[in-house]
Amino acid sequence: MQNDKKAIENILIKNRIYIAIIAIILIVLCIQNIYFIIPSIIIFALIIIYTYWTDNKKTTEITQHIEELTFSIDTTAKNTLINSPFPLAILETDGNIVWKSISFVNEFGNVDIKNILDNLAKEIKTQVENDDSKSIDMQIKIEKKDYKIIGECLKKKQKGIKKKTEYMVVLYFIDNTEELSINQKYEESKSCVGIISIDNYEETMKALTTEEKPQVLAKLEKSIYKWAEATNGIVIKSERDIYVFMFEQKYIEILKENKFDILDTVKEIKIEGPLQITLSIAISQDGETDYEKYKTALATLDIALGRGGDQAVIRNEEKYNFFGGRSIEVEKRTKVKARMVAHALEDLIQESKNVMVMGHVNGDIDSIGSSIGIYKFAKTVGKPAKIVNNTFGSTLQDFMNEVHKQEDYKNAIINSTQSLSEITEDTLLVIVDTNKKNYVEVPELLEKTNKIVVIDHHRRSTDYIENATLSFHEVYASSASELVTELLQYTTNETALTTFEAESLYGGIMVDTKNFTFKTGVRTFEAAAYLRKNNVDILKVKKWFQSDLESYNMIADVVKNAEIVRETIGISIYEKEDENANLICAKSADELLTINNITTSFVLGIRKKKVCISGRSIGDINVQLILEKLGGGGHIGVAGAQITGVTLEEAKNILIEKIDEYFAEGTN
């Protein structure tokens, strides 16, 4: 229409130009000869009359053509809308249906479409008001069919005194049920790759007689193969204690619903002695090819093993779901690994320009003691070293004062600012007593160098440090100080520990084992014996951790006000907001376990506007699995978590909910 109007205007403009040219020519002739004046006037008048007549005729013809064309287009558009093969509806965002096509009526004649369109109109209005785009593109399910809805939204005139804005939308309903079904079948047919590992293979084989070994292995493999049958998958034995498991993605929900019952099935295989057969299972859906999925499954298996084994982990889009992990860890470390790690660490130190040692935020004696041990390791190799430390609890003040008195350590400890200015790409960064990226003293240091070593005894979390050049991660160890003590025994040049250094490491072991009463193995006592040779003064070490009377009274009040749930779980609250609330909570949780019939304890407190929770257990309850539901972590018997945006009472109720979930999962 716009183009046709412009065409008429162009014709009229051209005619005016021609008339002007003719007029100029006639005027010139009249000037040259006055006898041409009257003929020129007559001729010009005739030209004007003819031009007017032809202009009217052309305008009428063009207008008629435009009207015919417009009518034809309108008719075609209306017929297209009315006879559209797709259900089509025009509605206002207040829910009023303006018009609907025949296809729409036929498609949704037996459906209560009014309520569906009302809800749809509200959703569209919200979308339009929150988004500048007026295009509609959404998915909806009506009865058993899936529809893709596309359309355009037009703003209507504002109504009423308050000038409330309403919109009108033209919507096409495209049935894409079959397309979605095909896509779903395609997704479900994708492969998943799993790896099944026998956690304690070596120990089990040593405990069995020659006759028993094939019988136990046969029962174990039969259980694994039978479990895999439910997924129509295949299981291939790749090593003596490793199986590769492949199946289609549609069966992953079956495994989740059954909560990987194979973990409990293999425990029922009877063997002599205290040992129990356990499995670690890693399943990956991440990767374009089966090989990529296999590689990510291997990395996921490391997480399962790093969390103590006896559990299954599913990885999907770099997120992890955990199942199992309820049994107590069985020590299965060897001195061979400690010796290999010690030699590898020594080589890395020699190849580096300098060494930085860093523990976790709000460091404890295990974190700082193990840092001192690695510092000594680096000095023995002959490389400059620094310990990065910004924070520590108030109970460590006496110990830190002792550190600064030592001649060798007066300039050994640096803060975050100094560490960031001194670190280079050729610096070896050693992380002790944690494997979490966001829990180290200065997370920025992890990005400053590619040479990273992790020495830790905590169960591995999902945000662990992935790019470590060397990792000595043993969840069966009592403490990081125990691991570092083992490494010091295998240096090429004998490490001569001072009494203070030995006492620092000994203190780390004492604290994490609660004076050698918790999580101790043969290797723990061997490490302690090695340190005792350096004239360790146990009474002096104990004095570092003595509580003042005020703190002791606080702990007594917390214990006194404890509430018992599920017969053996003690829960209490430290109500004062305190910088050292986490330490009071930890000590109170330890103290609760000394009470008869309490096998698990949780204490909540407030520190820096966050609710901190300390969990302890000496029974069959895994406090790590409970506090992981709240974003925390730790060990089966020692764990912690922090929650923001809730009160102490709200946090307590949430904790009880997670405890109930834990027991519900265990009985399913």
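Along each chain, numbering runs from 1 in the same order as the chain's sequence is written. Per-residue local features of the predicted model are confined to residues with pLDDT of at least 70, and side-chain atom pairs are confined, for both listing and counting, to 80 or more; whole-chain, interface and lining totals are unaffected and use all residues. Only heavy atoms go into the side-chain values, all of them from the structure, while hydrogens and water stay out.

A word on the side chain of Thr 434
Part 1 of the argument: Helix and strand definitions here come from DSSP, where helices need a minimum of 4 consecutive H or I residues and strands a minimum of 2 consecutive E residues; each element is numbered from the N-terminal end. Of note, Thr 434 is situated in the loop between strand 15 (427-432) and strand 16 (452-456).
Part 2 of the argument: Contacts described as polar in this section are N or O atom pairs within 3.5 Å, which, within protein, must combine one atom able to donate a hydrogen with one able to accept it, while residues neighboring in sequence count only if both atoms come from side chains. Of note is the side chain of Thr 434, whose polar atom sits 3.2 Å from the backbone nitrogen of Lys 436.
Part 3 of the argument: Contacts are assigned to residue pairs that have any heavy atoms within 4.5 Å of one another. The contacts of Thr 434, once residues within four sequence positions are left out, are Gly 359, His 360, Tyr 439, Val 440, Val 454, Ile 455, Asp 456 and His 458.

Remarks on helix 15 (residues 480-488)
Part 1 of the argument: The cut-offs for exposure are 20% and 50% of the maximum accessible area for each residue type, with area from a 1.4 Å probe on protein chains only; residues under the lower value are buried, those over the upper are exposed, and the others partly exposed. Among the nine residues in helix 15, nine count as buried, and that is most of the element.
Part 2 of the argument: Buried within helix 15 are the following residues: Ala 480, Ser 481, Glu 482, Leu 483, Val 484, Thr 485, Glu 486, Leu 487 and Leu 488.

Structural notes on the nonpolar core
Part 1 of the argument: To form a nonpolar core, buried Ala, Val, Leu, Ile, Met, Phe, Trp, Tyr and Cys residues must be joined to one another through side-chain atoms within 4.5 Å. Of all hydrophobic cores here, the largest spans 54 residues; its most connected members are Leu 345, Phe 399, Val 430, Ile 455 and Leu 531.
Part 2 of the argument: Looking at this core, the element that brings in the most residues is helix 12 (residues 365-381), giving eight residues.
Part 3 of the argument: Counting 33 residues, the second-largest nonpolar core is a separate cluster that includes Ile 196, Trp 227, Ile 252 and Leu 279.

Considerations on the pairing of strand 9 (residues 279-284)
Where a strand is regular, its side chains alternate between the two sheet faces.
Part 1 of the argument: Across the six residues of strand 9, six count as buried, placing the element largely inside the fold.
Part 2 of the argument: Because side chains alternate across strand 9, one face comprises the buried residues Leu 279, Ile 281 and Ile 283, and the other comprises Ser 280, Ala 282 and Ser 284, equally buried.
Part 3 of the argument: Sheet topology places strand 6 (residues 191-198) next to strand 9; six bridges connect them, and they run antiparallel. Across the sheet, the residue bridging to Ser 197 is Ser 280, located in strand 9. Here, strands pair whenever DSSP counts at least two bridges between them.

Digging into the sheet that holds strand 9
Part 1 of the argument: Reading across the sheet, the six strands line up as 7-8-6-9-10-11 and stay open at both edges, with mixed pairing between neighbours. Edge positions in the sheet fall to strand 7 (234-239) and strand 11 (319-324), since each has one partner strand and no second. Strand-to-strand twist in this sheet, taken as the mean axis angle between neighbours without regard to direction, amounts to 20 degrees.
Part 2 of the argument: One ladder, built from five bridges, connects strand 9 with strand 10 (residues 311-316); its direction is parallel. Across the sheet, residue Ser 280 finds its bridge partner in strand 10, namely Gln 311. To get an axis, a line is fitted to the C-alpha atoms, and for a helix only the part in contact is used. The angle between two axes follows their N-to-C directions and goes from 0 to 180 degrees.

Let's talk about the packing of helix 12 against helix 16 (residues 499-512)
Part 1 of the argument: In contact at an axis separation of 8 Å, helix 12 and helix 16 are set at 145 degrees when each is read in the N-to-C sense. When you trace helix 12 past helix 16, the crossing you get is left-handed. Together, Ile 365, Asp 366, Gly 369, Ser 370, Ile 372, Gly 373 and Lys 376 of helix 12 and Phe 500, Glu 501, Ser 504, Leu 505, Gly 507, Gly 508, Val 511 and Asp 512 of helix 16 make up the contact between the two elements.
Part 2 of the argument: Class assignment of the residues belonging to the contact of helix 12 with helix 16 gives a composition of five nonpolar, six polar and four charged. Left-handed is the label given to a crossing in which the near helix is rotated counterclockwise from the far helix by less than a right angle, and right-handed is the label when the rotation is clockwise. Three classes are used, and their members are as follows: Ala, Val, Leu, Ile, Met, Phe, Trp, Tyr, Cys and Pro are nonpolar, Asp, Glu, Lys and Arg are charged, and the others, Gly among them, are polar.

Details of the pattern of salt bridges
Oppositely charged side chains can pair when the atoms bearing their charge come close.
Part 1 of the argument: Each reported salt bridge corresponds to a side-chain nitrogen of Lys or Arg within 4 Å of a carboxyl oxygen of Asp or Glu. In total, this model carries 24 salt bridges according to the counting rule given.
Part 2 of the argument: A salt bridge links Asp 310 to Lys 267, with the shortest nitrogen-to-oxygen separation between them at 2.9 Å. Here Lys 267 lies in helix 9 (residues 262-267) and Asp 310 lies in the loop between helix 10 (290-306) and strand 10, a separation of 43 residues in the sequence. Taken as a pair, Asp 310 and Lys 267 share a single burial class, namely buried.
Part 3 of the argument: For the salt bridge of Arg 566 with Asp 660, the shortest nitrogen-to-oxygen distance reads 3.2 Å. Taken together, the residues Arg 566 in the loop between strand 18 (563-565) and strand 19 (569-577) and Asp 660 in helix 22 (residues 648-667) connect sequence positions 94 residues apart.
Part 4 of the argument: Each of Glu 107, Lys 145 and Asp 175 takes part in one network of salt bridges that share partners.

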